[in-house]
Amino acid sequence: MPTNAEEPRMDWLIAQTKRRRRSTQRGGFDQSAASMAYWAYPVDDLLTRLHSGRNGISARTAKQRLRVYGRNVLRESQRATAARLLLRQFESPVILILIFAAIVSAVVESWADATIVLAIVLGSALLGFVQEHSASLDLEKLKSRVRIRTSIMREGTACDIPSQEVVPGDIVILSAGSLIPADGVILEAKDFFVSQSVLTGESLPIEKRPGLSAVNASLIERTNCVYMGTSVRSGTARVVIVTTGANTMFGGIADRLRLSPPETEFERGIRHYGYLLTQIMLLLVLAVFAANVFLERPPIDSLLFAIALAVGLSPELLPAIISVTLSKGARDMARHGVIVRRLNAIENFGSMDVLCSDKTGTLTLGVMALDAARDVQGTPSRDILRWAYLNAHFQTGLANPMDDAIVAKAELETVDIHGCNKLDEAPYDFVRKRLSVVVKEPSANVAAIITKGAFANVLEICDRVQDGGEIVALGEARRAKLEKLFAEWSAQGYRTLGLATKRLPLKDHYGREEEEALIFTGFLLFFDPPKEGIKETLSALAQRGVSLKVITGDNRLVAAHLAKSIGLRSARTLTGSELNDLRDEALWRIAEQTDLFVEVDPTQKERIIRALRKTGHVVGYLGDGINDASALRAADVGISVDQAVDVAKESADFILLEHDLKVLLQGIAQGRRIFANTMKYISITTSANFGNMVSMAAASFFMPFLPLLAKQILLNNFLSDLPAMCIAGDSVDPEMVAKPRRWEIRTIRRFMIVFGLVSSAFDFLTFGTLLWLFNASPEVFRTGWFIESLMTELAIVMVIRTHRPFYQSAPGRLLLVSTLMVMALTVALPYLPYAGYFGFVPLSPALMATLLALTALYLAASEATKRFALPAEN
């Protein structure tokens, strides 16, 4: 209970609770418990106030509370409804500028122009809406496939439910690796350590235990409480949930802490590209409008023309193109066993050139088998197997494949532990690297501690050794003999654990303090064979420009044996102790040259990732354990597996449904396809569009009339966008996915200058042909120029979409069909009814043939320019 000094305040709180109980109780739950200092209440009192018990609440009660208090989320996600998505199409600055232009036209009673502009705006908005709405639905379906689940007690039965369905009064079962779903008070715990740096900034895990905290205790001082968003590092506990969702401690500060995810490299490139276009558009609008007003052209027409030029230059469909491309990529990746949790990380997947991973389950089968239990002489021993079986059978901490292997081996050999009782345990953690269980044999009047773990960490707490039937002191000679055996087995690829025991007097409680002066008893030899075909997979990764670096806690001998067996370079190996001696600057250089990092701890994993990123690499990290969470967050591409612990899945950008590098190969290829198709649209926008708009701006300075009306420019832009929406599903040449692709603004500038100049040259050639060869009137000029400019924009798509000669790369069927259809519509447009509303007039057959010939010549010139500016890749 609280101290005496705090009792008056506690009495006041209880009085307040009683007065408000009737008005605050809803659905059988006393809300006041959540608003008071619940950490200062005895657990039985708290359970009563929560109308719960140690066996949990009923399913019916849980359903009622979920309906009353909502899902256990910080803030209900604002899912993009159809109406919201449609409205969002009108938030684009480009669309708002067009609406402004339509309003100006309506004010001056230019109703035809206003109607046409608004119709094109509505058409563009609907086009973007249809694509994004479909993408949004697809993404929701994919996200539903990966949910964090929580173990709870319901009416005395343990079950798993989605974390979002946890309600106040639930009894939650926590173990190492669990992500704590809500705020609660500990009912029982064993060696329970929680990482709560997300709330307090503490780098080290904090031990939590049942008990009471002072009413005015700070968050750090509430050692009997756990909080949403924190994670379990070791041990086990049962917790009663008090507050959920936005009412939790994390929910109270979530809005202040809410930060955007780190900007990906591709997002950064898009932003810089946007800055570049914005500057050009602003200069273009001001210069064209000022020049035309100076030339005494109608101000409204001049303004509409300048705005239309800016719209023609802007990549207004880029957000929709990116959204659709990413959504399609996420669907394709899901079909290949990769679930995308963060959509914008897909491009980083394609840019990844270094993949860091543990070896277990990635390079090996991940099916650990106990090959032998041996005594200190190296002889197989059934007694050692029985001790190991007792340890593995009774431990309740972090589940691991080695314990499963021990149990399977012992059951196969019918090892008998009937009648043995567990008294206590000290769960495994990543500092001690060992696990102890205290048991009592059926007829014994003493207890026995059984400790197993990393060989060096077990040996360091031993001062004796059991040699045959004799227990002798662990001198230097015997220590050297044990280390020699360990080295020999490790060099053969066995993961070798040490086992130690000691008799203890019977008492009520045992802890880690018992792990001293133990008797080293024997060894446990595990074998996890390499995966079939792993050599070929690593070779395929290397061919795609991705190097693999193994980061493992295993000793150097086991890791080196595996590396040799699968053909991985291991000449340069860095151990955790060696890494500790390196300054960051030295690690930057060494990390690039090292493929095998061994005997490392979780904080060192993160440091390695950051060192590789510092030297310009796009780094992926594949991990599934508690100790991988920080490295997953530090990597450009965090990858986990569906069977991973909660905290690892929550930290990852991608979830693999199979723990297999072959699945990763598919994801990498898909990321590169998405990057390539997005860059196609950007390249097209900065070539033909840029050249056409700049040419029209220049022509408007010396021509006696505007080269195109605003509504014609907008129609041109709308029609050219129709095939562009199909770029998301375009085919990609194999060489474009053969190596990592990075955003380069210099490439975009080169495209803009080189292809813009080619486009402008043909624009002026067309101007001269129309004015001097055919003596075109303003209406004929605009019609002819509209056809030529749109045809060249459509034709350039086929050229720029590939680095090969365009006739050697087959485009996607939808892209090809839509392009041909729009081309046919363009040629037919002047002859269609209502063409006059857009200011078009029929053209003579000779003029139409000349324009088509100019388009073909432009296509050939662009192909030649591409070979000069972008050499074909092998």
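1. Some points on the confidence of the model for the protein
Any region with low pLDDT has predicted coordinates that should not be read closely.
Phase 1 of the analysis: A residue-level look at the protein finds 82% of positions with pLDDT of 70 or above and a mean pLDDT of 80.
Phase 2 of the analysis: Throughout residues 1–34 the model reports pLDDT below 50, and contacts reaching past four residues in sequence, or to other chains, amount to 61 contacts.
Phase 3 of the analysis: When the criterion is pLDDT under 50, residues 256–260 qualifies, and its contacts beyond four places in sequence or with other chains add up to 3 contacts.

2. Concerning the packing of aromatic side chains
Phase 1 of the analysis: One pass over the full model with this rule turns up 17 aromatic pairs.
Phase 2 of the analysis: On the basis of an interplanar angle of 85° and a centroid distance of 5.9 Å, the ring pair of F455 and F520 is categorised as edge-to-face. Separated by 65 residues along the polypeptide, F455 in helix 16 (residues 455–459) and F520 in strand 19 (residues 518–527) bring together distant segments of the chain.
Phase 3 of the analysis: Judged by relative accessible area, which is 5%, F455 ranks as buried.
Phase 4 of the analysis: On the basis of an interplanar angle of 35° and a centroid distance of 5.9 Å, the ring pair of Y834 and Y837 is categorised as tilted. Comparing Y834 with Y837, the two get one shared label, exposed.
Phase 5 of the analysis: Here a set of aromatic residues connected by ring pairs shows up, and it is made of F455, F486, W489, F520 and F523.

3. Regarding the pattern of salt bridges
Phase 1 of the analysis: If you walk through the whole model with that rule in mind, you get 25 salt bridges.
Phase 2 of the analysis: Between D463 and R464 there is a salt bridge whose closest N-O contact spans 3.2 Å.
Phase 3 of the analysis: Look at R464 and you get partly exposed, because its relative accessible area is 28%.
Phase 4 of the analysis: Of the charged contacts, one joins R495 and D554 as a salt bridge, the two residues approaching to 3.0 Å between their closest N and O atoms. On the criterion of sequence distance, the pair formed by R495 in strand 18 (residues 495–504) and D554 in the loop between strand 20 (547–551) and helix 19 (556–566) is long-range, its members being 59 residues apart.
Phase 5 of the analysis: R495 sits in the partly exposed class, given a relative accessible area of 26%.

4. Thoughts on the pairing of strand 18
Phase 1 of the analysis: The buried fraction of strand 18 is high, at 8 of 10 residues.
Phase 2 of the analysis: Both strand 15 (residues 447–454) and strand 18 contribute to a ladder of 8 bridges, which runs antiparallel. Directly across from T451, in strand 18, lies its bridge partner A500.
Phase 3 of the analysis: Here 7 bridges tie strand 18 to strand 19, and the two strands are oriented antiparallel to one another. In the sheet register, L499 faces strand 19, and the bridge partner there is G522.

5. So, the sheet that holds strand 21 (residues 573–575)
Phase 1 of the analysis: What the 8 strands build is an open sheet, ordered 10-25-24-23-11-20-22-21; its pairing is mixed. With partners counted over all chains shown, the strands left at the sheet margins are strand 10 (338–340) and strand 21, one partner each. In this sheet, neighbouring strand axes are inclined to one another by 20° on average, regardless of whether the strands run parallel or antiparallel.
Phase 2 of the analysis: Of the strand pairs in this sheet, strand 21 and strand 22 (residues 596–598) are connected by 3 bridges, and their pairing is parallel. Residue pairing for strand 22: T575 is matched across the bridge by V598.

6. Some points on the packing of helix 26 (residues 710–724) against helix 28 (residues 778–800)
Phase 1 of the analysis: Where helix 26 meets helix 28, the closest approach of the two axes is 10 Å, and the angle between their N-to-C directions is 25°. Accordingly, the angle class assigned to the pair helix 26 and helix 28 is roughly parallel. Viewed along their axes, helix 26 and helix 28 form a crossing whose handedness is right-handed. Note on element contacts: helix 28 touches helix 26 through R782, F786, S789, L790, E793 and L794, opposite Q712, L715, N716, L719, S720 and P723.

7. Focus on the pairing of strand 9 (residues 231–243)
Phase 1 of the analysis: Burial within strand 9 is extensive, with 11 of its 13 residues counted as buried.
Phase 2 of the analysis: Pairing of strand 5 (residues 171–175) with strand 9, which is carried by 5 bridges, proceeds in the antiparallel orientation. Note on strand 9: the bridge partner recorded for S175 is T236.
Phase 3 of the analysis: The sheet contact formed by strand 6 (residues 183–195) and strand 9 spans 10 bridges and is antiparallel.

Scoring rules and cut-offs
- Residues numbered from 1 in each chain as written.
- Predicted model: local features only at pLDDT ≥ 70, side-chain atom pairs only at ≥ 80, totals over all residues.
- Heavy atoms only, no water.
- pLDDT = per-residue confidence, 0-100.
- Contact = heavy atoms within 4.5 Å.
- Phe/Tyr/Trp six-rings, centres within 6.5 Å; stacked < 30°, edge-to-face > 60°.
- Helix = DSSP H or I, 4+ residues; strand = E, 2+ residues; numbered from the N terminus.
- Buried < 20%, exposed > 50% of the residue type's maximum accessible area, 1.4 Å probe, protein only.
- Salt bridge = Lys/Arg side-chain N within 4 Å of Asp/Glu carboxyl O.
- Pairing = 2+ DSSP bridges.
- Axes fitted to C-alpha atoms, helices over the stretch in contact; angles between N-to-C directions.
- Parallel < 35°, antiparallel > 145°, perpendicular 65-115°, else oblique.
- Left-handed = near helix turned anticlockwise from the far one by under 90°.

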